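# Secondary and tertiary structure notes
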Amino acid sequence: MAVVMEVNGKPYRLNVKSHWTLLEVLRRELALTGTKNSCDRGSCGACTVILDGRVVYACSLLAVEADRRKITTIEGLSDGETLHPLQEAFVREDALQCGFCTPAMILCSKALLDRNPRPGIDEIKEALSGNICRCAAYRRS
């Protein structure tokens, strides 16, 4: 099946199989490996991308569902050598740890700030709640 999508501001026309996920297309066909493959069932958030302004799990979306849509991956935030301010903030504040969940955390943060430039702590927690960090950076009970 032919799909047309805009990824990180660039138009693509791709031939995909009907069962391919957006995650598979981004990683295998477009070599955008910042979108991580982890649980492959929509429960960890590592494959998060921004689709038409909303965060989605790329492993849970068929590539054909992204036809004629705009997708932003972590690679689309930087401008060549210049990092996006959120990427810079994550580096500056040492918020990277192993880095596996970082792309999704940054994209969720960007989508939140695009909707609300001054979110409260509860909004921030909600926006990031779909991402699992495996570095044990959780508050212990």
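First, a word on what this report is: a plain description of the structure on this page. Position labels on residues start from 1 in each chain and follow its written sequence. pLDDT decides what is reported in this predicted model: residues at 70 or higher carry local features, side-chain atom pairs at 80 or more are listed and counted, and totals for whole chains, interfaces and linings draw on all residues regardless. Calculated side-chain values reflect all of the structure's heavy atoms, with hydrogen atoms and water omitted.

### What to know about the pattern of salt bridges
Basic side-chain nitrogens of Lys or Arg form a salt bridge, by our definition, when they fall within 4 Å of a carboxyl oxygen of Asp or Glu. Per the stated rule, a full pass over the model turns up four salt bridges. The closest approach of N and O atoms between Arg 28 and Glu 24, which form a salt bridge, is 3.7 Å. On the criterion of helical spacing, the pair formed by Arg 28 and Glu 24 is a turn pair, its members being four residues apart in helix α1 (residues 22-29). Think of it in three bands: residues with accessible area under 20% of the maximum for their type are buried, residues over 50% are exposed, and the middle band is partly exposed, with areas taken using a 1.4 Å probe on protein chains only. Residue Glu 24 is classed as partly exposed on the basis of its relative accessible area of 26%. Across the pair Asp 52 and Arg 69 runs a salt bridge, and its minimum N-O distance is 2.5 Å. You can see Asp 52 sitting in the loop between β3 (48-51) and β4 (54-57) and its partner Arg 69 sitting in the loop between β4 and β5 (70-72), a full 17 residues away along the chain. Helix and strand definitions here come from DSSP, where helices need a minimum of 4 consecutive H or I residues and strands a minimum of 2 consecutive E residues; each element is numbered from the N-terminal end.

### Describing unusual backbone geometry
With the exception of glycine, the majority of residues adopt a negative phi angle, and the majority of peptide bonds are in the trans configuration. One non-glycine residue, Asp 52, lies in positive phi territory at about 50 degrees. The phi torsion at Arg 68 lies on the positive side, around 65 degrees, for a residue other than glycine. With respect to the helices and strands, Arg 68 occurs in the loop between β4 and β5. With relative accessibility at 65%, the residue Arg 68 sits in the exposed group.

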